[in-house]
Amino acid sequence: MRIIVAVTGASGSIYAYSLIRSLHQLGIETYVIATGAGENVLRYECGLELQEIAEYATVLSNQDLFAPVASGSFCTDGMVVIPCSMNTLGAIANGMGDTLLSRAASVMLKEKRRLVIVPRESPLHIIHLENMLRVARAGADIMPASPGFYNHPSEIWELVNFMNARVLDAFGIEHELMKRWGEA
Ligand SMILES: Cc1cc2nc3c(=O)[nH]c(=O)nc-3n(C[C@H](O)[C@H](O)[C@H](O)COP(=O)(O)O)c2cc1C
């Protein structure tokens, strides 16, 4: 299985870092694309450099439009944009393809592959909402970064795992990141 993880400059880089580590542990071939703002927020919020992620995944340059994931002929099982900024959401909603991230997302939509978008912003204005509707109509899954609290989390990693469990579920990847509702 092959997944693309895109990291943007929205708050919540910890979701991406944790997801990339989980995919690595699960033996899934993972490609990472980060925007410049994504790299900066990862450093600010997690104290991590993008290069440190190369231990768990293949890191691609967002400027490299010659990378394999820029083409639909390169087979992948899908892509997740986590966390997704309103800027990147707007680019995807408008079919942009001037960066590797927006091009790869556009490839997912045109090839009818799974595109999971984990947006993070609050409050949302009407253009954000319209962009979400637009990408959802084009076939993307909108999975807001809004973890549930019914498992009584007491640590940040539990909230992170809650979200990432839903992302892995969307790709049909088996995991044990959280206790499912109804499980003892
Ligand atoms: C610490 C920090 C947190 C941010 N959080 C968000 C956020 O949650 N959602 C959002 O849409 N933008 C957020 N931004 C603004 C984006 O980083 C900014 O709009 C940027 O241009 C996004 O670029 P990108 O889409 O290329 O990553 C944040 C910026 C900083 C510095």
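So, here's what we can say about the structure. This structure is a prediction, so every number in the text was calculated from the model and none was measured.

**Structural notes on the nonpolar core**
By size, the foremost hydrophobic cluster in this structure holds 35 residues, and its most contacted members are Val5, Val80, Ile82 and Val118. Listed by contribution, the elements that provide at least two residues to this core are strand E1 (2-7), helix H1 (13-25), strand E2 (29-34), strand E4 (78-84), strand E5 (114-119) and helix H6 (156-170). Here this core gets seven residues from one element, more than from any other, and that element is H6. In contact with valine 5, not counting residues within four places along its chain, are Leu19, Ile20, Leu23, Thr30, Tyr31, Val32, Ile33, Val80 and Ile82. In terms of nonpolar packing, the next biggest core, distinct from the first, is built from 28 residues, Val81, Leu101, Leu115 and Ile117 among them.

**Section: the sheet that holds strand E3 (residues 58-60)**
Strands sit in the order E3-E2-E1-E4-E5-E6 across an open sheet of six strands; the sheet is parallel. This sheet does not close on itself; its edge strands, each paired only once, are E3 and strand E6 (141-142). In this structure, E1 lies alongside E2, joined through six bridges in parallel fashion. Following the sheet pairing, arginine 2 is matched in E2 by glutamate 29.

**Thoughts on the pattern of salt bridges**
Using the criterion set out here, one finds six salt bridges in the structure. Notably, a salt bridge pairs lysine 110 with glutamate 111, separated by 2.8 Å at the nearest N-O pair. Since its relative accessible area comes to 45%, lysine 110 is described here as partly exposed. A relative accessible area of 32% means that glutamate 111 is categorised as partly exposed.

**What to know about helix H5 (residues 126-137)**
Between its terminal C-alpha atoms H5 stretches 16 Å, which fits the 16 Å expected from twelve residues at 1.5 Å a residue. What H5 keeps buried is the set His128, Asn131, Met132 and Val135. Looking straight down H5, one finds its buried side chains confined to an arc of 100°; they lie on one side. Away from its buried face by more than 90 degrees, H5 exposes Ile126 and Arg137. Elements in contact with the buried residues of H5: helix H3 (86-93), E5 and E6. Where H5 ends, the next residue or the one after it, glycine 139, has phi of about 120°, a positive value.

**A short note on the site of the ligand**
In the vicinity of the ligand lie 13 residues, with Gly9, Thr35, Ser85, Thr88 and Arg120 positioned nearest. Contact distances for the ligand include 2.5 Å between an oxygen atom and a side-chain N or O atom of serine 85. Here a nitrogen atom of the ligand and a backbone polar atom of arginine 120 are 2.6 Å apart. With the chains in place, 64% of the 640 Å² that the ligand exposes on its own is no longer accessible. Broken down by secondary-structure element, the contributors of at least two residues to the shell around the ligand are helix H2 (36-46) and H3. Broken down by element, the residue count for the shell around the ligand peaks at three residues, all from H3. Partitioning the shell around the ligand into residue classes produces four nonpolar, seven polar and two charged.

Here is what the cut-offs are and how they apply
- Residues numbered from 1 in each chain as written.
- Predicted model: local features only at pLDDT ≥ 70, side-chain atom pairs only at ≥ 80, totals over all residues.
- Heavy atoms only, no water.
- Core = buried A, V, L, I, M, F, W, Y, C linked by side-chain atoms within 4.5 Å.
- Buried < 20%, exposed > 50% of the residue type's maximum accessible area, 1.4 Å probe, protein only.
- Helix = DSSP H or I, 4+ residues; strand = E, 2+ residues; numbered from the N terminus.
- Contact = heavy atoms within 4.5 Å.
- Pairing = 2+ DSSP bridges.
- Salt bridge = Lys/Arg side-chain N within 4 Å of Asp/Glu carboxyl O.
- Expected span 1.5 Å × (residues − 1).
- Arc of directions from axis to C-beta.
- Near = heavy atom within 4 Å.
- Polar contact = N/O pair within 3.5 Å; in protein donor to acceptor, adjacent residues only side chain to side chain.
- Areas by Shrake-Rupley, 256 points an atom, 1.4 Å probe, with all protein chains shown as cover.
- Nonpolar A, V, L, I, M, F, W, Y, C, P; charged D, E, K, R; others polar.

Read these as spatial facts, not as claims about activity.
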